[in-house]
Amino acid sequence: MSETIKYVDRVGTNCNKWDNMTARFGENDLMALWVADMDFVVPEAARQAAMKYAEFGIYGYYMVPDGYYDAFINWEKKYHNCEVKREWIRFSPGVVSPINWWVNMKTKPGDGVIVMTPVYYPFLDAINNNGRKLISSDLVNNNGVYTVDFADFEKKIADNNVKAFILSSPHNPVGRVWTREELEQMLAICRKHNVFVIADEIHHDLIMPGHREHTEILNIPGYTDMLVAITAGSKTFNLAGCQNSFVILPDEKLREEFDAFLNSIRIRNGNAFGYVAVEAAFREGREWLDKVIEIINSNAKYVETELKAQLPKAVVSPLEGTYLQWIDLGAYVEQGKMKELIQDKCRIAVDYGDWFGGDRFAGFIRFNLATSPENIKEAVARIVKNIKG
Ligand SMILES: Cc1ncc(COP(=O)(O)O)c(C=O)c1O
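### With respect to the overall build of the protein
Okay, step 1: Looking only at helices and strands, one finds 13 helices and 15 strands in the protein.
Okay, step 2: Against the compact-globule benchmark of 21 Å for 389 residues, the protein has a radius of gyration of 21 Å, which places it among compact chains.
Okay, step 3: Considering only C-alpha atoms, the protein reaches an extent of 60 × 60 × 40 Å along its principal axes.
Okay, step 4: In the protein, buried positions account for 57% of the 389 residues.
Okay, step 5: In the protein, 74% of the contacts between residues at least 6 apart in sequence involve partners at least 24 apart.
Okay, step 6: As displayed, the protein offers around 16,400 Å² of accessible surface, 49% of which is attributable to carbon and sulfur atoms.
Okay, step 7: Distance between charge centres in the protein, computed from 44 positive and 52 negative side chains, equals 2 Å.

### Points about the pattern of salt bridges
Oppositely charged side chains may form a pair once their charged atoms are brought near each other.
Okay, step 1: Enumeration over the complete set of coordinates arrives at 24 salt bridges.
Okay, step 2: A salt bridge links Asp152 to Lys156; the nearest nitrogen and oxygen atoms lie 3.1 Å apart. Highlighted residues: Asp152 and Lys156, both in helix H7 (residues 150-159), separated by 4 residues, approximately one helical turn.
Okay, step 3: With a shortest N-O distance of 2.5 Å, Asp159 and Lys155 are connected by a salt bridge. You can see Asp159 and its partner Lys155 sitting in helix H7, 4 residues apart, about one turn around the helix. Judged on exposure class, the residue Asp159 and its partner Lys155 are both exposed.
Okay, step 4: A single network of salt bridges, built from pairs that share partners, joins Arg10, Lys17, Asp37 and Asp39.

### Regarding the site of the ligand
Okay, step 1: Close to the ligand lie Ala36, Gly94, Val95, Val96, Tyr120, Ser168, Asn172, Asp200, Ile202, His203 and Lys235, which account for all nearby residues.
Okay, step 2: Between the ligand and the protein, one listed contact pairs an oxygen atom with a side-chain N or O atom of Lys235 at 3.2 Å.
Okay, step 3: Partitioning the shell around the ligand into residue classes produces 5 nonpolar, 4 polar and 2 charged.

### Looking at the sheet that holds strand S8 (residues 196-200)
Okay, step 1: The sheet built from 7 strands is open, its strands ordered S2-S10-S9-S8-S7-S3-S4 with mixed pairing. Edge positions in the sheet fall to strand S2 (89-92) and strand S4 (133-138), since each of these pairs with one other strand and no more. Neighbour to neighbour, the strand axes of the sheet diverge by 25° on average, direction disregarded.
Okay, step 2: Inspection of the sheet shows S8 paired to strand S9 (residues 227-232) by 4 bridges, in the parallel sense. Looking across to S9, one finds that Ile198 is bridged to Val228.
Okay, step 3: Contacts between helix H4 (residues 66-80) and the sheet are confined to S2, S9 and strand S10 (245-248), with S10 contributing the most and set at about 70° to the helix.
Okay, step 4: Running over the sheet, helix H8 (residues 180-192) touches strand S3 (112-117), strand S7 (162-168), S8 and S9 and is turned about 165° from S7.

The rules behind the values
Residues numbered from 1 in each chain as written. Predicted model: local features only at pLDDT ≥ 70, side-chain atom pairs only at ≥ 80, totals over all residues. Heavy atoms only, no water. Helix = DSSP H or I, 4+ residues; strand = E, 2+ residues; numbered from the N terminus. Rg over C-alpha atoms; globule rule 2.2 N^0.38 Å. Buried < 20%, exposed > 50% of the residue type's maximum accessible area, 1.4 Å probe, protein only. Contact = heavy atoms within 4.5 Å. Areas by Shrake-Rupley, 256 points an atom, 1.4 Å probe, with all protein chains shown as cover. Lys, Arg positive; Asp, Glu negative; His and termini not counted. Charge placed at Lys NZ, Arg CZ, Asp CG, Glu CD. Salt bridge = Lys/Arg side-chain N within 4 Å of Asp/Glu carboxyl O. Near = heavy atom within 4 Å. Polar contact = N/O pair within 3.5 Å; in protein donor to acceptor, adjacent residues only side chain to side chain. Nonpolar A, V, L, I, M, F, W, Y, C, P; charged D, E, K, R; others polar. Pairing = 2+ DSSP bridges. Axes fitted to C-alpha atoms, helices over the stretch in contact; angles between N-to-C directions.

So, in structure tokens, the structure goes:
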């Protein structure tokens, strides 16, 4: 199947990104570069599989097909050199839900849970909404390139009764693809201090050309008794509405714990359309993904080059992975004035830096690059024009 990547105008399709901005931004008529899904039609195989199922006309209780697991397991083997066994995989309707569940399972109210900030803000919610203590270890920002402050990470763990660590690998929003050595060091510190690791690998397939391969946390030997890996086809293939994710637990005791928890909240399976589309995407979606990565990468390069030329004091973090670009406009925008610039003047909806861990990130914005080059060019032009005046 030869794939053509189709960009679609999604306005008026009841989508969160373009039609539901009012809840967060107070208005809807903005260029949507915020929530992380793509403006591209999904792999053709996934679209056709969903249509075939729709045409069948009966949508009763559905048995999860073996092919769904096989397609994912084969993908993991082929593209991540990771051997996942069928019996290790559990269902969840998304990635954020099981992050919350594991926080509840592995920590008690008042316990510390650590994250590396700036970080995807539902991690912060998972800690705060469950009455746990949010412990932030800031990444070190070296002219837009972020690294882990391991001494700070360990000290914060030791000083704050930290019982769990929520890891974004690759990291949303700074775009880092952690090296094996970095991951090993994180895990060794967590082992030393008895910290459970909740590894969110939802962006693991979105690795930009020229950057190192992503290392699956399960490919680091010796830690499976203290971690859960959670991933999905949702970011990879733009299938977030399908609502199924993979909670991977090689450790039998952890599986028993998770099964008991799922039984207590009575969650079993997801919806049939989701399985059908996700299976087809993992089976036949590679060409589509490669083409989409080219578009994202080219959008990222455009933003980098154009901002460097027009606004030399802006710092664009190099995009190693994800399709979310972290941009420091602090040199141009006064504290508290980011919304005025981006929303009121530029008419763009972005994720604001302070959402990712506090006011110290207020000079940043996060751009969603998974849209047409025209949208990206237009957004950059508006920002340049309004900053330069
Ligand atoms: C790091 C990360 N985890 C999880 C999610 C969303 O997961 P879900 O919608 O499956 O709960 C996102 C979406 O942006 C994300 O960036």
